[in-house]
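Overview (structure and organization)
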Amino acid sequence: MLAPEQVLILAEDQHIEAIVPADDAGDGVEPLQGILCPGMVNAHCHIELSHLKGVIAEGTGLIEFVKQVISKRETPHSPDLSQPAYHELYEQALDQKLRAMTGAVEELYQSGTVAVGDICNTADSLELKRHSPLYWHNFIEVSGFVDAVAGKRLKFSEDILAAFIKSQSKAFAANNTLTPHAPYSVSKSLFSLLNAKTAGQIISIHNQETAAENILYQFKEGAFLGLYESLGINIEGFAATSKNSFQSWLPYFNCGQKIITVHNTFSTEADVRFATQLYEGSALAHQPYYCICVNANLYIENTLPPLEMLLANNCKIVIGTDSYASNRQLNLMEEIKTLQKNFPDVSLERMLQWATINGAEALEIDDQYGSFEKGKKPGLVLIDPANMKSNRVDLHVK
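All of the points below concern the structure found in this document. Residue numbers run consecutively from 1 along every chain, following the written order of its sequence. With pLDDT at 70 or above as the cut-off, local features in this predicted model cover only qualifying residues; side-chain atom pairs require 80 or more to be listed or tallied, and sums for whole chains, interfaces and linings still use all residues. The side-chain figures draw on all heavy atoms in the structure; neither hydrogens nor water molecules are used.

1. Quick word on the sheet that holds strand 3 (residues 35–38)
- Here we have three strands laid out as an open sheet, ordered 3-12-13, and antiparallel in their pairing. Strand pairing shows two members of the sheet lacking a second neighbour, strand 3 and strand 13 (389–392), which therefore form its edges. The sheet shows a mean angle of 30° between the axes of neighbouring strands, direction not considered. In this scheme, strands are said to pair when DSSP sees at least two bridges between them. Runs of E in the DSSP output that reach at least two residues are strands. Runs of H or I that reach at least four are helices, and both are numbered from the N terminus. Only the contacting stretch of a helix is used when fitting its axis, a line to C-alpha atoms as for every element, and angles between N-to-C directions run 0 to 180 degrees.

Pasting the structure below:
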């Protein structure tokens, strides 16, 4: 945030030239009422699920939510596109999905988001992102809970990854990385393959979003067994570890990955301390970033993340919105408002740091985004403290 009585001096291209005291700024200063902060970084989003806004009921719990997403997310595939009726249905579905994504990007942009860590299961958002004013890090998601299909599932996601890379200039190739979906959907073999494929890269994984995930790993029991049965997934090859899921999957990644663990709703202090000790003192590894998506947690499980525990253990926190399938909006200030309501002892300034510089560091774009420093082009957001609304700011450079 910009301190009181300071003036931000911008170049023609909106790069920061200097930050000076008001008395030294000279003429032509444009005064703003409110809190001026850098553009925000949404560390976890699913833009390609935007067509599911309002489709899935609240409070179903994660497992029913997953079933609903699986059954409703896909664009209908025509058995014979030469038939006009089928072709029309297919085109209508694609158009609906694109219009929903376009509207979602507009909300992100206007509410002050400048960069997004976005989860991709298809290349449906590729063209939209090519022409977007936002910075995108595309996490190409990989899943498959049966060891025998690990190679096949990886190849499927690698093809999507290749499409994203091909669509961009070489300078932005590193903005696209493979990433595991969740501990309950990635097999041991697939985790091992991903460890090699993502060496030195950023990955993002849904972690401990429901208590059933820990029960699965501890005892091979609980609600996930019913999900696998309903999906026809044979889990004979999966063995309980007698540990929480976080402590079970994290050791697979030992090739210098920067890991963003998302949700962490049912993470414990023992889990966090395990992660800290696992990577402590390593020259190659990084301490995880813990992404909070509080409105999605309330939407799906009606549960708050363990924010006090994460703070007590000095965890690096970032903020995401998740998708329209599990949220009413993609506005990071709405996430902060919910956090303030439920965690009033945490200052607004600290939460804004999670939504700006922490997110930029997690996505490795803090050379341009996340803070007001000379030479950066972080974007400008004006926050009205009376109603906690945020808006993108365009300043006239004279």
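We are not done yet, so read on.
2. Comments concerning the packing of aromatic side chains
- The pairing test for Phe, Tyr and Trp rings, Trp by its six-membered ring, is centres within 6.5 Å, and the orientation test on the planes gives stacked under 30 degrees, edge-to-face over 60, and tilted for anything in between. For the structure on display, the rule yields 11 aromatic pairs.
- Between tyrosine 135 and tyrosine 369, the aromatic rings sit 5.9 Å apart at their centres with planes inclined by 55°, giving tilted as the arrangement. Linking tyrosine 135 in strand 6 (residues 135–142) with tyrosine 369 in the loop between helix 13 (348–362) and strand 12 (380–384), this pair joins segments that are 234 residues apart in sequence.
- Its relative accessible area of 12% is what places tyrosine 135 among the buried residues.
- Considering the side-chain rings of tyrosine 184 and phenylalanine 224, the 4.5 Å spacing of their centres and the 25° angle between planes classify their relative orientation as stacked. In this pair, tyrosine 184 is assigned in the loop between strand 7 (176–180) and helix 5 (188–197) and phenylalanine 224 in helix 7 (residues 223–231), connecting sequence segments 40 residues apart. For the pair tyrosine 184 and phenylalanine 224, a shared accessibility class is recorded, and that class is buried.
- Here the aromatic cluster, defined as three or more aromatic residues joined through ring pairs, consists of Phe145, Tyr184, Tyr217, Phe224, Tyr228 and Phe238.
- A cation sits over an aromatic face here: lysine 53 above tyrosine 324, 4.4 Å from the ring centre. The classification of residues rests on relative accessible area computed with a 1.4 Å probe and restricted to protein chains. Under 20% of the type maximum is buried, over 50% is exposed, and intermediate values are partly exposed. Each ring is checked for a lysine NZ or an arginine CZ that lies within 6 Å of its centre and within 35 degrees of its normal; such an atom marks a charge sitting over the ring.

3. What to know about the side chain of asparagine 295
- With respect to the element layout, asparagine 295 can be found in helix 10 (residues 294–300).
- Taking the relative accessible area as the measure of exposure, asparagine 295 reaches 13% and is therefore buried.
- Pairing of N or O atoms within 3.5 Å defines a polar contact, subject to two protein rules: one partner must be a possible hydrogen donor and the other a possible acceptor, and residues neighboring in sequence count only if both atoms are side-chain atoms. Looking at asparagine 295, its side chain comes within polar contact range of the side chain of threonine 338, at 2.7 Å.

4. A word on the pairing of strand 7
- For strand 7, the tally of buried residues reaches five of five residues, placing the bulk of the element in the interior.
- A two-sided burial pattern is seen for strand 7, the buried positions comprising Asn176, Leu178 and Pro180 on one face and Thr177 and Thr179 on the other.
- Pairing geometry for strand 6 and strand 7, over five bridges, is parallel. Looking at the pairing, glutamate 141 lines up with threonine 179 of strand 7.

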